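Summary of structural features
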Amino acid sequence: MPVDPYILLLLGTVGLAALLPARGTGADVASGASTAAIAFLFFLYGARLSTREALDGLKHWRLHVTVLACTFVVFPVLGLAARGLVPVFLTHPLYQGLLFLTLVPSTIQSSIAFTSIARGNVPAAICAGSFSSLVGIVVTPLLAAALLGGSGGGFSADSLLKIVLQLLVPFAAGQVLRRGIAGFVARHKKVLGLVDRGSILLVVYTAFSEGMVQGIWHQVSPVRLAGLLAVEAVLLAVMLLLTWYGAKALRFGRADRIAIQFAGSKKSLASGLPMASVLFGAHASLAVLPLMLFHQMQLMVCAVIARRRSHDAPEDAGPGEPAAPPRTAVGTGPRTG
C-alpha cells in the first residue's frame, strides 16, 4: 500500500515537536495559532452549511445518542476491563491515564475534518462532536471521580466559555454571514481542506511540544511504553470496528456511519488536557501520556481510513447525503477499514 502523504506530514510534525518543541513565547504563539485555526475552521463550516442542513443535523437524535453511548459507555467499559492488564502490561499510573482517556469527550475538529474527507455526514459530525464536548464538561469529571476515586473536578465555567468562544461562536458567525460569503467559500473548496489538515497538524505539534517540555517521555520505560501502545492499538481497533459495524446493524446509511465512526472512536486531547490538570494536579503530565499517544494514533489511522472511504464513495455522493453502495472493480472491493 502506498504511503499516505498526510501520514508523513503527521510523523514530520511529531518529529519537529521532538526536536524543536515550542517553549515560552513560542509555546504561547503555537497555542494561539492552533486556537485561531480551529476557530477559522468552524467559521468556514458555518459559512458553507445551510441553516436547514444544520437543523437536520440537530434533529438526528439517533446518531447523537449512538455517538454519546460509544464515548461515555462503551469506552469506559473497555477501560475498566483493561484493569486486568496491571501490572503485566501497564503500571498503575499508566492504567489510570488509560482509564481517564476512555472518559474524555470526543474530538470535534478532527472528527469533522475526517468525515468531510470521507464524504460523510458533516452536519451530523459537527453536532455530534459539539454535543459530546458539552456533555463531557459535566460527565467526564463525574465519571473520573467515581472510577478513579478522585475528589477534584466538576463543572468548569471557564471550559464551557472556551467551547462557546472557540467553536460555537465562529460557527454561528459563519451561519450569519453565509449569505454574503457562501459563493466565495464554494469557489475555494481547497481552502477548507488546507484548514482541516493544518488545524490538526497545529494541535499535534502544540500537544507534543508540551509533552516534550514537561519531560513526560523520560518517566516511562521503553518496555512499558510499548505495552501501552499495544493496548491502545487494540482499544482503537475495537472501537473502529464497533462504531462501523454497530452503526450498520442499527441501519444507519453510509454517510451517517462515517460520522459515527469518526466521532464515536476518538478522544479529545484539547478537552482532556485541561480536565486532567484539575483531576490529577501535579501528576497530570503522566496521566495524559496515554491520551496523547492515543490522540496521535487515532489521527494517523483515521487519516488512512478517511482517504480510503473518499475513494470508495460514489462521485455524486455529498456530505450528509445517503450514498449508494460503492462501485467495485475487478480484484478490488469496498474498503471498510
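Here we take up the overall build of the protein. In terms of regular secondary structure, the protein is built from 14 helices and zero strands. Secondary structure elements in the protein, listed N-terminal to C-terminal, are α-α-α-α-α-α-α-α-α-α-α-α-α-α. Counting over 337 residues, the protein shows a buried share of 50%. In the protein, once contacts between residues fewer than 6 apart in sequence are set aside, the share between residues at least 24 apart is 85%. Per element, the accessible surface of the protein, about 15,300 Å² overall, is 68% carbon and sulfur.

All told, the structure shown has three aromatic pairs when counted by the stated rule. Where phenylalanine 40 meets phenylalanine 43, the ring centres are 6.4 Å apart and the plane angle is 15°; that geometry is what we call stacked. Within this pair, phenylalanine 40 and its partner phenylalanine 43 are both found in helix α2 (residues 25-48), separated by three residues, close to a single helical turn. In this structure phenylalanine 40 comes out as partly exposed when scored by relative accessible area, which is 40%. Ring centres of phenylalanine 114 and phenylalanine 262 lie 6.0 Å apart, and the angle between their planes is 40°; this geometry places the pair in the tilted category. A residue pair is termed long-range when its members are at least 10 positions apart, and phenylalanine 114 in helix α6 (residues 109-117) and phenylalanine 262 in helix α11 (residues 254-264) qualify at 148 residues. Phenylalanine 262 carries the same exposure label as phenylalanine 114, and that label is buried. Over the ring of tryptophan 244 we find arginine 309; its NZ or CZ atom is 3.7 Å from the centre of that ring.

Parameters and conventions
- Residues numbered from 1 in each chain as written.
- Predicted model: local features only at pLDDT ≥ 70, side-chain atom pairs only at ≥ 80, totals over all residues.
- Heavy atoms only, no water.
- Helix = DSSP H or I, 4+ residues; strand = E, 2+ residues; numbered from the N terminus.
- Buried < 20%, exposed > 50% of the residue type's maximum accessible area, 1.4 Å probe, protein only.
- Contact = heavy atoms within 4.5 Å.
- Areas by Shrake-Rupley, 256 points an atom, 1.4 Å probe, with all protein chains shown as cover.
- Phe/Tyr/Trp six-rings, centres within 6.5 Å; stacked < 30°, edge-to-face > 60°.
- Lys NZ or Arg CZ within 6 Å of the ring centre and 35° of its normal.

As far as function goes, none of this settles anything; it's purely spatial.
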